[in-house]
Amino acid sequence: MNELAKHNEARRQEIIKLRDIIRKRRAESPVPSFADYPLTRLQERITHVLREHSGQADVTWEIDVLDRSKFGADFAVRLTGLLKEHGSKEYIESDVPRIAEALAGPELADVVAQVTHKGIYVNVRLVNHWFLAGVQAVIDLAERFGHNDTRSSRAQVVDYSSPNVAKVLHAGHFRSTMIGHVLANLYEACGAVVYRINHINDFGGFGFMLEGFRRFDPYFPPTLGNNERLLEIYAIRRTLERAVAASEGLSAADEREHQILTRYFPGASTAEELRAAYEGFVAAADERFQKLEEGDADEVALWRRMVEWSLAGFQPFYTALDIDIDFVIGESFYLEAGNSLVDEAISNGSAFELTKRRVCEEVAELDRAVAAEEITIPMRDQAVALLEKDIGAIVVPLPSGERLVVRRSDGRSIYATRDLGAIKLRREIFDPTDINYVVGQEQRVHFNRLFQAAQVLGIATATKPKFQHTYFGFYVDAATGKKLSSRESVAGVNELLAAAVTHFRARSAEGGTMTEEELDQAARQLAVGSIVFNDLKRDMKGSVSIARGDLTPIIADFEKSGGPYVVYSACRARAILRKYGKPVPHLREIGAFELSDQEALLIFRILEFPDKAAKAADEDNPSILVRHLLEIAGIYNSYYASAPVLEGNKANKSRLMITRAAQLVLTTGLKLCHVECPPKI
RNA sequence: GCCCCCGUAGCUCAGCCGGAUAGAGCAAGCGACUUCUAAUCGCUAGGCCGCAGGUUCGAGUCCUGCCGGGGGCGCCA
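Calculation notes
Residues numbered from 1 in each chain as written. Chains lettered and ligands numbered in written order. Predicted model: local features only at pLDDT ≥ 70, side-chain atom pairs only at ≥ 80, totals over all residues. Heavy atoms only, no water. Near = heavy atom within 4 Å. Polar contact = N/O pair within 3.5 Å; in protein donor to acceptor, adjacent residues only side chain to side chain. Helix = DSSP H or I, 4+ residues; strand = E, 2+ residues; numbered from the N terminus. Nonpolar A, V, L, I, M, F, W, Y, C, P; charged D, E, K, R; others polar. Pairing = 2+ DSSP bridges. Axes fitted to C-alpha atoms, helices over the stretch in contact; angles between N-to-C directions. Domains from an automatic or database assignment. Contact = heavy atoms within 4.5 Å. Buried area = accessible area lost by both parts, 1.4 Å probe. Salt bridge = Lys/Arg side-chain N within 4 Å of Asp/Glu carboxyl O. 1 Å grid on protein atoms, 1.4 Å probe; cavity = no way out; pocket = protein on both sides within 12 Å on 5 of 7 lines; lining within 4 Å. Points joined across faces, edges and corners; volume = space filled by probe spheres on them. Phe/Tyr/Trp six-rings, centres within 6.5 Å; stacked < 30°, edge-to-face > 60°. Buried < 20%, exposed > 50% of the residue type's maximum accessible area, 1.4 Å probe, protein only. Lys NZ or Arg CZ within 6 Å of the ring centre and 35° of its normal. Core = buried A, V, L, I, M, F, W, Y, C linked by side-chain atoms within 4.5 Å.

Student: Quick rundown of the protein's contact with RNA strand B? Include the residues and the values.
Tutor: Looking at RNA strand B, there are 59 residues lining it, with Tyr-121, Ile-391, Tyr-415, Arg-418 and Arg-444 nearest. Here, RNA strand B places atoms within 4 Å of the protein, and 55% of those atoms are sugar or phosphate. Contact distances for RNA strand B include 2.7 Å between a sugar or linking oxygen and a side-chain N or O atom of Asn-201. Within the contact set of RNA strand B, a sugar or linking oxygen lies 3.4 Å away from a side-chain nitrogen or oxygen of Arg-507. Among the elements that make up the surface near RNA strand B, the one with the highest residue count is helix H24 (residues 622–642) (five residues). Each residue belonging to the surface near RNA strand B can be placed in one class, and the counts come to 25 nonpolar, 15 polar and 19 charged.

Student: How would you sum up the sheet that holds strand E2 (residues 75–78)? Please name residues and give values.
Tutor: Pairing within the open sheet is antiparallel, and its four strands lie in the order E1-E2-E4-E3. Sheet topology places strand E1 (62–65) and strand E3 (112–118) at the edges, where each strand pairs with a single neighbour. The average undirected angle you get between the axes of adjacent strands in this sheet is 25 degrees. By the bridge criterion, six bridges tie E3 to strand E4 (residues 121–126) in an arrangement that is antiparallel.

Student: Go over the environment of Gln-382, please, and point to the residues and values.
Tutor: For Gln-382, the location among the structural elements is in helix H14 (residues 377–389). Sequence spacing of Gln-382 and Asn-164 is 218 residues, and the spatial spacing of their C-alpha atoms is 32 Å.

Student: Describe the domain arrangement of chain A, with residues and values.
Tutor: By the assigned domains, chain A splits into domain 1 (34–126), domain 2 (155–201 + 326–474), domain 3 (206–320) and domain 4 (486–672). Domain 2 and domain 3 are separated by 28 Å when their C-alpha centres are compared. Facing the 20 residues of domain 2 at the interface are 15 residues of domain 3. Across the domain 2 to domain 3 interface the summed buried area is about 1,500 Å²; carbon plus sulfur atoms make up 70%. Area buried by domain 2 at its contact with domain 3 is led by Val-165, Ala-166 and Arg-412, which between them contribute 39% of it. At the boundary of domain 2 with domain 3, the tally comes to one salt bridge. In this structure, Asp-286 and Arg-412 form a salt bridge, with 2.6 Å as the shortest nitrogen-oxygen distance. Our count for the contact surface shared by domain 2 and domain 3 stands at five residue pairs in polar contact (both at pLDDT 80 or more). Within the residue set of the side of domain 2 that touches domain 3, elements represented by two or more residues are helix H6 (171–189) and strand E6 (193–200). Among the elements that take part in the side of domain 2 that touches domain 3, H6 stands out by supplying three residues, more than any other.

Student: Which residues make up empty space enclosed by the protein, and what values do they have?
Tutor: Across all of its chains, the model carries two cavities of 30 Å³ or more by this definition. Within this model, the largest cavity holds a volume of roughly 50 Å³. Arg-151, Arg-154, Gln-156, Tyr-187, Asp-434, Asn-436, Lys-466, Gln-468, Asp-618 and Asp-620 together form the lining of the largest cavity. Elements with a minimum of two residues in the lining of the largest cavity: strand E11 (434–438) and strand E12 (466–470). Residue composition of the lining of the largest cavity, by class: one nonpolar, three polar and six charged.

Student: Let's hear about the packing of aromatic side chains: which residues, and what values?
Tutor: According to the stated counting rule, one finds 26 aromatic pairs in the structure shown. On the basis of an interplanar angle of 45 degrees and a centroid distance of 6.2 Å, the ring pair of Tyr-636 and Tyr-640 is categorised as tilted. A residue pair is termed a helical-turn pair when its members lie 3 or 4 positions apart in one helix, as Tyr-636 and Tyr-640 do in helix H24 at four residues. Owing to a relative accessible area of 1%, Tyr-636 belongs among the buried residues under this scheme. Put simply, the rings of Phe-208, Phe-216, Phe-220, Tyr-264, Phe-265 and Phe-281 pair up and form one aromatic cluster. The cationic tip of Arg-237 hangs over the ring face of Phe-208; the distance from NZ or CZ to the ring centre is 4.0 Å. Over the ring of Phe-352 we find Arg-358; its NZ or CZ atom is 3.7 Å from the centre of that ring.

Student: Lay out the sheet that holds strand E8 (residues 352–353) in plain terms, naming residues and giving numbers.
Tutor: Read from one edge of the open sheet, three strands run E8-E9-E10, paired in antiparallel fashion. Each having just a single partner strand, E8 and strand E10 (403–407) make up the two edges of the open sheet. Relative to E10, strand E9 (residues 394–397) is paired through four bridges, and the arrangement is antiparallel. Across the sheet, Pro-397 pairs through a bridge with Arg-403, a residue of E10.

Student: Please provide a residue-by-residue account of the nonpolar core, values included.
Tutor: Leu-50, Leu-79, Leu-103, Leu-126, Trp-130, Leu-186 and Ile-606 are the most contacted members of the largest nonpolar core, which has 128 residues in total. In this structure Leu-126 touches Leu-42, Arg-68, Asp-74, Phe-75, Val-111, Val-112, Ala-113, Phe-131 and Phe-604, once residues within four positions along its chain are discounted. Counting residues in each nonpolar core, the second largest holds 41 residues, with Val-406, Ile-414, Leu-420 and Phe-447 among its members.

Student: Report on the environment of Val-405, specifying residues and quantitative values.
Tutor: Here Val-405 shows up in strand E10. Here Val-405 falls in the partly exposed class, since its relative accessible area comes to 21%. Each C-alpha atom of the pair Val-405 and Ser-347 lies 16 Å from the other, and the pair is 58 residues apart in sequence.

Student: For unusual backbone geometry, give the residues involved together with the corresponding values.
Tutor: In the segment running from Lys-464 into Pro-465, the intervening peptide bond is cis, with an omega of -10 degrees. With respect to the secondary-structure elements, Pro-465 resides in the loop between helix H16 (444–456) and E12. The phi dihedral of Ser-162 falls on the positive side, at around 45 degrees, and the residue is not glycine. Turning to its location among the elements, Ser-162 is positioned in the loop between strand E5 (155–159) and H6.

Student: Quick rundown of the layout of surface pockets? Include the residues and the values.
Tutor: Here the second largest pocket is characterised by a volume of approximately 990 Å³. What lines the second largest pocket is a set of 39 residues, among which Asn-185, Glu-188, Arg-196, Lys-671 and Glu-676 lie closest to the centre. Put simply, the parts of the chain that give the lining of the second largest pocket at least two residues each are helix H1 (3–28), H6, E6, helix H11 (297–321), helix H19 (516–536) and helix H25 (653–672). With six residues, H25 is the largest single contributor of residues to the lining of the second largest pocket. Its residues placed into classes, the lining of the second largest pocket shows 15 nonpolar, 11 polar and 13 charged. Lining the lining of the second largest pocket are residues from two domains, each supplying at least three of them: domain 2 (155–201 + 326–474) and domain 4 (486–672).

Student: Tell me about the pattern of salt bridges, and please be specific about residues and values.
Tutor: All told, the structure shown has 46 salt bridges when counted by the stated rule. Of the charged contacts, one joins Glu-3 and Lys-6 as a salt bridge, the two residues approaching to 3.2 Å between their closest N and O atoms. Remark: Lys-6 and Glu-3 occur in helix H1; sequence separation between them is three residues, near one turn of the helix. Here Lys-6 falls in the partly exposed class, since its relative accessible area comes to 44%.

Shown next as structure tokens:
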């Protein structure tokens, strides 16, 4: 067994052990049943009544939440199917009164106070007791309120963060890390077993690292640490590539490039000399990579050390965000599985070498299509160009007509090889129902092909695992609207966090009563919270614009993001409960009580929380959750300002209950968003 | 060239498997702190929902075309 295989076998045992721990943890923390939530039960009862009265088994209806102060009702019921089938005229004239009558009937008399109708809407006002009973249900479940079993039959691999070893973390990793982590939290809250995987790109391009580390050793500045050397090698490679591509000598290089080229390639100054240096470097790097792939002991040992340096370099970032991803698995782990998969595919014919002859045949077919006017000449030319580029590589033809290159013409693996290997091994180890890749939008084409290839190669069926590429937009420069290159965005990540902490540290509301430690803690949590909200409150497919240079406007945006607002709201509720100092009253202790329009809306929104969490998970869209929290916080803040809970030594019991429910839902929601709510702010 | 995303208030965005008078936040203006601590609350103002057709009883939402902005199209990851 070679060194790489040995290393991977040991890793596999560690991974399996951790997998079992996670499975056990899941089994030991059961989630509440979605069907038992007050809103689900109400909807179920309404469906039942509508079904009984229409005599139809399949009744589709939608609920529109209303504001009592505006409509006098809590929600509207709309039977979309019937509306479409009958048209609005008939629906309004005959269906609407019938629906209203059914909803006002004896079956729902204990929960429905009033039913009115106007146009296509049947408006329902619920009895006040239903709301307070709902609040009690929230209080009973406490921190588990919102968690549900909608995904309890699923095992989900969530692949996120995915930094490149020997490169700097950039803003894209920042987004991937937070979005992925929050999504994983959501799936877990919905009952799934979640395997969080940080897929470390630790293999591609490593020939350059292994070669460069030795080749440039005499020239590295002595102050350069190990990890910095790796980054330097990457910079050297990129600089040289650019210089060679430009076909100009040293004279055309800018100051930084000039400095690099003369330091590491002394004596090379003309375009030809640089090209020669480049070719020598590439050839030696290729050789190193091949030895690494073969498991050569020396190369594997150095490679492992390099990966460790790099991971240690990433750690401050993960520590600052307080994110610990369970499985940190390099793509090298999947190399062998990928290679044998490709070998198998070649032998059974699902993959083959794209030879010149095959290309000629395909070109002939394209020419025929042109002659038959099925395609245009530019389309043909483009297809030909794509074909010719892949000559010599091992390809998998896909149902879409595209190809996926799975092995280079020199026999070496590429990322597609290892991504396929990853699918195979992940199925073996985790047996997931879903594999979710939280990776930037620029990789859409890659994943689209990868998922197709997985089916072609028989490591996936049409339904299992369910593949999902959850993509997001990038950061753009606020001034130009253009994408921030990774070189421009690299610096900011950790500094941004530090600046945000400093900012919130100076803004404390309860500063006078807080210890230094509490202040630090609150500031850190607010910083993380504001960053998460800034990223996740809008649809993540869009880009996020970032002002450059001065951090002040960015931090100001963070404050406006709403994260601190939600945290603040939860803290206000918590302050009331703290002042009250006793457990909140139980529904049983409440006699007659008033319920304001605002309270009705607030409670309804709180009771919607499980639905929103499930919906956000189903649509892989954290912004649904984030916006709902902002909505609840908004109503609560308004309520807080106008409805005193404690007056002198008198406490309003129903308001105490509502305050507790609001505090619970906000705290739990924030936690799903990876924001811990500090006790004081 | 092909493909993808986005055009809604001055700005940032919700709303998109069609439905009530198109909603928030920020910015602007006015008002509220001896308080459950104002990181807050209340009020005011602000919209040919990019343009043109089409489908429909009904379109910001669906379809087609166009215009404008951004991105992707490596034997890199």
